[in-house]
Amino acid sequence: MKKLLALTLVLLMVLGLFAACNTVKVNPSENGATPNNTTGTNTDNTEDELKTIEDGKLIMSTNAAFPPYEMTTDDGGFEGIDVEIAQAIAEKLGLELEILDMDFDAALLAVNEGKSDIVMAGVTVNEDRKLVMDFTDSYATGVQVVIVKEGSDVTMDNLGEKMIGAQRGTTGYIYASDTPENGGYGEDHVTAYDNGATAVQALINGQVDCVIIDSAPAAEYVKDNAGLTILEGEWVTENYAIGCDKGNTQLVEAINKALTELIADGTVQKIIDKYITAE
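Presented here is an overview of the structure given in this document. This structure is a prediction, so every number in the text was calculated from the model and none was measured.

What counts and what doesn't
- Residues numbered from 1 in each chain as written.
- Predicted model: local features only at pLDDT ≥ 70, side-chain atom pairs only at ≥ 80, totals over all residues.
- Heavy atoms only, no water.
- Pairing = 2+ DSSP bridges.
- Helix = DSSP H or I, 4+ residues; strand = E, 2+ residues; numbered from the N terminus.
- Buried < 20%, exposed > 50% of the residue type's maximum accessible area, 1.4 Å probe, protein only.
- Lys, Arg positive; Asp, Glu negative; His and termini not counted.
- Salt bridge = Lys/Arg side-chain N within 4 Å of Asp/Glu carboxyl O.
- Contact = heavy atoms within 4.5 Å.
- Phe/Tyr/Trp six-rings, centres within 6.5 Å; stacked < 30°, edge-to-face > 60°.
- Expected span 1.5 Å × (residues − 1).
- Axes fitted to C-alpha atoms, helices over the stretch in contact; angles between N-to-C directions.
- Parallel < 35°, antiparallel > 145°, perpendicular 65-115°, else oblique.
- Left-handed = near helix turned anticlockwise from the far one by under 90°.
- Nonpolar A, V, L, I, M, F, W, Y, C, P; charged D, E, K, R; others polar.

### Here we look at the sheet that holds strand 14 (residues 243-245)
With mixed pairing, the five strands of this open sheet are ordered in space as 5-1-6-14-7. The outermost strands of the open sheet, each flanked by one partner alone, are strand 5 (96-101) and strand 7 (133-135). For strand 1 (residues 57-62) and strand 6 (residues 118-119), the ladder comprises two bridges, and the chain directions are parallel. Across the sheet, the residue bridging to M60 is I118, located in strand 6.

What follows is the structure, given as structure tokens:
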């Protein structure tokens, strides 16, 4: 009986060793294999998974009143430079793009509140924003200009004496409303509007003397509204980037990798050229 028990224990130990050998994981790089999914869905290593708010989706918050970067279509969809670049990034990451349209301020806050994974709305990088969110590499350069009525006496030199319209939350509003000591014109000289279109309408109605806004949408507004023109010269030049929640370095790195590939193969420039024609 004792011999039978001893034999049984030996057999159990052998089987246990055999089972243990069959559960050893092999690093794909050690045997020439490559992961079959580069979007972070490898179940063998959950730390490598790309986490988004909703599985399988990349949710983008924006303010779709900023042509040609983001705007609505007649059928209720979205189009523009940011929209197409975001779509290309989502495809690279193996995700479905979902777009949430809201006020610019709300679009920025959405990434911190867990409502969106990214914000793209012609967002420029500044020190204040870097305190509350992380940014990807830049994908475009934004130039801010000044829209005035034709025949206006407004110049780049006398903006501090005029009433300025700007979109609330944008760097145009932030810089212009800052104190003169910091290079701005003071809050008394700047009126904030929910979007660029409303600011331009205020200019047409005579409620403000000029509007500070990025050059691409400025060109669209001037083209669509007779009697408006853009002052010669650049008010300020900035870089556009994609905003993510603070500390989400994994998503930032994944987007940067996708952006690098899309810039290298000409996709980003092709999208920009589609909406902004060289003059």
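### As for the sheet that holds strand 2 (residues 65-66)
Within a sheet, each strand pairs with its neighbour through backbone hydrogen bonds, oriented either parallel or antiparallel. Ordered in space as 2-3-4, the three strands form an open sheet in which the pairing is antiparallel. For this open sheet the edge positions go to strand 2 and strand 4 (78-79), each flanked by a neighbour on one side alone. Looking at chain direction, strand 2 and strand 3 (residues 70-72) are connected through two bridges and run antiparallel. Paired with F66 across the two strands is E70, which belongs to strand 3.

### Quick look at the side chain of D117
By the secondary structure assignment, D117 is in the loop between helix 3 (104-112) and strand 6. In this structure, D117 is buried with no salt-bridge partner, the nearest side chain bearing the opposite charge being K57 at 9.7 Å. Once you skip the residues sitting within four places of it in the chain, D117 turns out to touch T52, I53, K57, L58, I59, V111, G243, C244, D245 and L251.

### Brief notes about the pattern of salt bridges
Under the criterion given, the structure shown has 11 salt bridges. The shortest N-O distance in the salt bridge between E54 and K57 comes to 3.5 Å. Note that K223 and E220 form a salt bridge whose closest N and O atoms lie 3.5 Å from each other. Of the two residues, K223 and E220 both sit in helix 7 (residues 215-224), three residues apart, roughly one turn of that helix. You can call K223 exposed: its relative accessible area is 60%. Taking relative accessible area as the criterion, E220 reaches 22% and is therefore assigned partly exposed.

### Digging into the packing of aromatic side chains
The description of an aromatic ring pair uses the distance of the two centres, along with the angle that the planes make with each other. Inspection of every chain in the model, using the stated rule, returns three aromatic pairs. When the ring of Y69 is compared with that of Y240, the centres are 5.0 Å apart and the planes differ by 90°; the resulting orientation is edge-to-face. Note that Y69 is positioned in the loop between strand 2 and strand 3 and Y240 in strand 13 (residues 236-240), a separation of 171 residues in sequence. Assigned by exposure class, Y69 and Y240 land together as buried. An aromatic cluster of three or more residues is present, and its members are F66, Y69 and Y240.

### Structural notes on helix 2 (residues 81-93)
A turn of α-helix holds 3.6 residues, and therefore any two residues three or four places apart point the same way. A rise of 1.5 Å per residue sets the reference length of helix 2, with its 13 residues, at 18 Å; its end C-alpha atoms lie 18 Å apart and thus fit the reference within 8%. Those residues of helix 2 not exposed but buried are I81, D82, V83, I85, A86, A88, I89, A90 and L93.

### With respect to the pairing of strand 11 (residues 210-214)
When you tally the buried positions in strand 11, you get five out of five residues, the bulk of the element. By the bridge criterion, four bridges tie strand 8 (residues 140-149) to strand 11 in an arrangement that is antiparallel. Note that in strand 11 the partner of Q144 across the bridge is D214. Summarising the sheet, strand 9 (residues 164-167) and strand 11 pair through two bridges and their orientation is parallel. Note that in strand 11 the partner of G165 across the bridge is V211.

### Observations concerning the packing of helix 2 against helix 9 (residues 267-275)
Here helix 2 crosses helix 9 at 155°, and the two axes come no closer than 9 Å. Taken together, helix 2 and helix 9 sit at an angle that is classed as roughly antiparallel. In this structure, helix 2 crosses over helix 9, and the sense of that crossing is right-handed. When helix 2 is examined against helix 9, the residues I81, E84, I85 and A88 are found in contact with a partner set consisting of T267, V268, I271, I272, K274 and Y275. Looking at the contact of helix 2 with helix 9 residue by residue, the classes come out as seven nonpolar, one polar and two charged.

### Notes on the packing of helix 2 against helix 8 (residues 249-264)
Closest axis-to-axis distance for the helix 2/helix 8 pair is 9 Å, and the angle between their directions is 110°. Of the possible angle classes, the one that applies to helix 2 and helix 8 is roughly perpendicular. The handedness of the crossing between helix 2 and helix 8 comes out as right-handed. Here I85, A88, I89, K92 and L93 of helix 2 come into contact with helix 8, specifically with A254, I255, A258, L259, E261 and L262. Class assignment for the residues of the contact of helix 2 with helix 8 results in nine nonpolar, no polar and two charged.

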